[in-house]
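# A structural walkthrough
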Protein chains: 2
Amino acid sequence: MDGRPQIIGPKGSLADDVAPPSIKAVPFLHSRDHGAVELLNPREQRELGKLSSIVRVRRQTVIYPEGGRSQFVFNLVQGVAQTYHLLESGQRRVTSFMFPGDLLGLSENGHYAATAQALTNLTAYRIPIDAFRSLLERDPALDGRILCKLCHELRSSERHTIMASQRDAISRLAGFLLGLSASPGAAQAGAETLRLPMLRHDIADYLGLTVEAVSRAFQSLEAQGAVHRQTPRVISILDEALLQRLAQW
Amino acid sequence: MDGRPQIIGPKGSLADDVAPPSIKAVPFLHSRDHGAVELLNPREQRELGKLSSIVRVRRQTVIYPEGGRSQFVFNLVQGVAQTYHLLESGQRRVTSFMFPGDLLGLSENGHYAATAQALTNLTAYRIPIDAFRSLLERDPALDGRILCKLCHELRSSERHTIMASQRDAISRLAGFLLGLSASPGAAQAGAETLRLPMLRHDIADYLGLTVEAVSRAFQSLEAQGAVHRQTPRVISILDEALLQRLAQW
DNA sequence: CGCGATATTGAAGTCTGTCAAGCCCTGTGG
DNA sequence: CCACAGGGCTTGACAGACTTCAATATCGCG
């Protein structure tokens, strides 16, 4: 089986197995610091579903490449993805990890601004960008919700910036783990064990460190009793308050 | 004279001196890497102007505080501002520098997500957020443009992240100077002399460095012949290609 | 169960942060 | 318009943290 996205088709035969389109964010106006909620009402979910194909993408597969002609927007409903830039220096910078409830391929200008890659096998709604735009024009309320989602993304990008510009590796990793455990799609339902879907290399490229520095930061967090590595990819958070303190916010 | 924003009032007496509302961004769909353009047509400029008060803010004044109840959106038409977060560790993180054509106070959820502060004396349209939102609902085309502006901001935030997560100070500063000289409102009309409206301390907090590191990075860039410091705040770019190379993209 | 990829650990070099001191702008007041 | 004072900027020395290079241990997939 090749690595290309497998298209199941509009309202495809397996659609019944698939969760409906979903966009989650912290609402625009509201009391602060409450978690993300579903922005789409059932009607909007149906509308989006009608425009979409369902695609299943295998782990490691590139969903769309940086610079590619932007034809589709993707709504992730299952699995995890990352977006990254390749720098001319040969380095790679991971700009975001995407979870169910996220929208990929939007923040561009005719071409994709980053490469998107599946970290796990994933399922997404693939929406032609023209259809998406005309839906937004017909439906100002939905448009407002998308605006809200973008604001949310902007905030998390700023959060990312703050994390990546911390001076020491421990602060960066602590902030990363906290963000991950607070992220709606990332933590499995409140348990304090965190399954990391990404490699150390991905974390390093996200935080602007080397894998060695990430590894040593894990070591230090574990030595201080903040976390425990059950396996390299399964982390339990032992002392969230300590993590918070170490993150230096 | 106190430091509070000076309100000139809706269509105030000095409105004739003031440029019309302006929102600039790289268009959504289009061939790539062209500069930012004005997104508002004259009708939209009038609409926004009718909803707004014109405020003049003195250098250093806080426009709105992080966490404050979000009541207004600001459209900057003259001068420069920055937004920042104060971390619990006492550090400060500058998240963006804003120029004419930018929109402040949008990316929030009922409360301002960051503090906005004037770096120079500035002029802005102050738009009540409710009026702004209802205008967007009445005018889907404008809504789409704001969406475009947000995408643009998201891209520049990611750019910021990439810059701030570079390993060495020279790369960060080179990237910063390039971004500034490419920024529509920042460079004075194509001249290769760049007037920096922000302090070294602001640059340091933007790049995640100390002022000393910024100073040494300037020293190094100058020694390599990439830039020349006419005064600490007036920089000429001597070799843009070299800067590009040093920025490591 | 075994191999390849991933993760960890170790040692040396480099760069930034910190602390300290001096210089130079800038803008305020006469 | 000029002088002065304060703040901003630069430079120096040292310690600490990260990167780099290298080797080993471990995980997880087939």
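Residues numbered from 1 in each chain as written. Chains lettered and ligands numbered in written order. Predicted model: local features only at pLDDT ≥ 70, side-chain atom pairs only at ≥ 80, totals over all residues.

Turning to the overall build of chain A, a few remarks are in order. For chain A, the count of helices and strands is seven helices and 14 strands. Out of the 249 residues belonging to chain A, those deemed buried represent 46%. Considering only contacts within chain A whose residues lie at least 6 apart along the sequence, 71% involve residues at least 24 apart. (Helix = DSSP H or I, 4+ residues; strand = E, 2+ residues; numbered from the N terminus. Buried ≥ 20, exposed ≤ 12 C-beta atoms within 10 Å, placed from the backbone. Contact = placed C-beta atoms within 7 Å.)

Taken together, 23 residues lie around DNA strand D, and Asp168, Ala169 and Ala213 of chain A together with Arg200 and Ser215 of chain B are the ones closest in. Of all the secondary structure elements, the ones that give two or more residues to the surface near DNA strand D are helix H4 (169–182) and helix H6 (211–223) of chain A together with helix H5 (200–207) and helix H6 (211–223) of chain B. Per-element tally for the surface near DNA strand D: the top contributor is H6 of chain B, with six residues. Among the residues making up the surface near DNA strand D, the classes are represented as nine nonpolar, five polar and nine charged. (Near = placed C-beta within 6 Å. Nonpolar A, V, L, I, M, F, W, Y, C, P; charged D, E, K, R; others polar.)

Before going further, it helps to examine the relation of the copies chain B and chain A. Between chain B and chain A, which share one sequence, the superposing operator has a rotation angle of 180° and an axial displacement of 0.0 Å; the RMSD is 0.0 Å. What we have between these two chains is a two-fold relation. Residues of chain B ranked by C-alpha distance from the rotation axis are headed by Thr161 of chain B, positioned 2.3 Å from it. Mapped onto chain A, 98% of the interface residues of chain B are again interface residues, and the two copies thus contact each other with one and the same surface. (Least-squares fit on C-alpha atoms with pLDDT ≥ 70 in both.)

What follows concerns the packing of helix H3 (residues 140–164) of chain A against H4 of chain A. All names here are of chain A. At a minimum axis distance of 8 Å, the contact between H3 and H4 shows a crossing angle of 155°. Overall, the two elements H3 and H4 adopt an arrangement that is roughly antiparallel. Of the residues in H4, those in contact with Arg159, Met163 and Ala164 of H3 are Arg172, Gly175, Phe176 and Gly179. The class makeup of the residues in the contact of H3 with H4 is three nonpolar, two polar and two charged. (Axes fitted to C-alpha atoms, helices over the stretch in contact; angles between N-to-C directions. Parallel < 35°, antiparallel > 145°, perpendicular 65-115°, else oblique.)

Between chain B and chain A, the residue contacts involve 43 residues of the former and 42 residues of the latter. Within the residue set of the side of chain B that touches chain A, elements represented by two or more residues are strand S8 (92–98), helix H2 (129–138) and helix H3 (140–164) of chain B. In terms of residue count, H3 of chain B provides more of the side of chain B that touches chain A than any other element does, 16 residues in total. Each residue belonging to the side of chain B that touches chain A can be placed in one class, and the counts come to 18 nonpolar, 17 polar and eight charged.

Residues and elements named next belong to chain A. Splitting chain A by domain gives domain 1 (6–160) and domain 2 (166–247). Each of domain 1 and domain 2 has a C-alpha centre, and the two are 25 Å apart. Residue-level contacts link 16 residues of domain 1 with 10 residues of domain 2. Of all the elements in the fold, those that place two or more residues in the side of domain 1 that touches domain 2 are strand S7 (81–86) and strand S8 (92–98). Considering each element in turn, the side of domain 1 that touches domain 2 owes the most residues, four residues, to S8. Each residue belonging to the side of domain 1 that touches domain 2 can be placed in one class, and the counts come to eight nonpolar, four polar and four charged. (Domains from an automatic or database assignment.)

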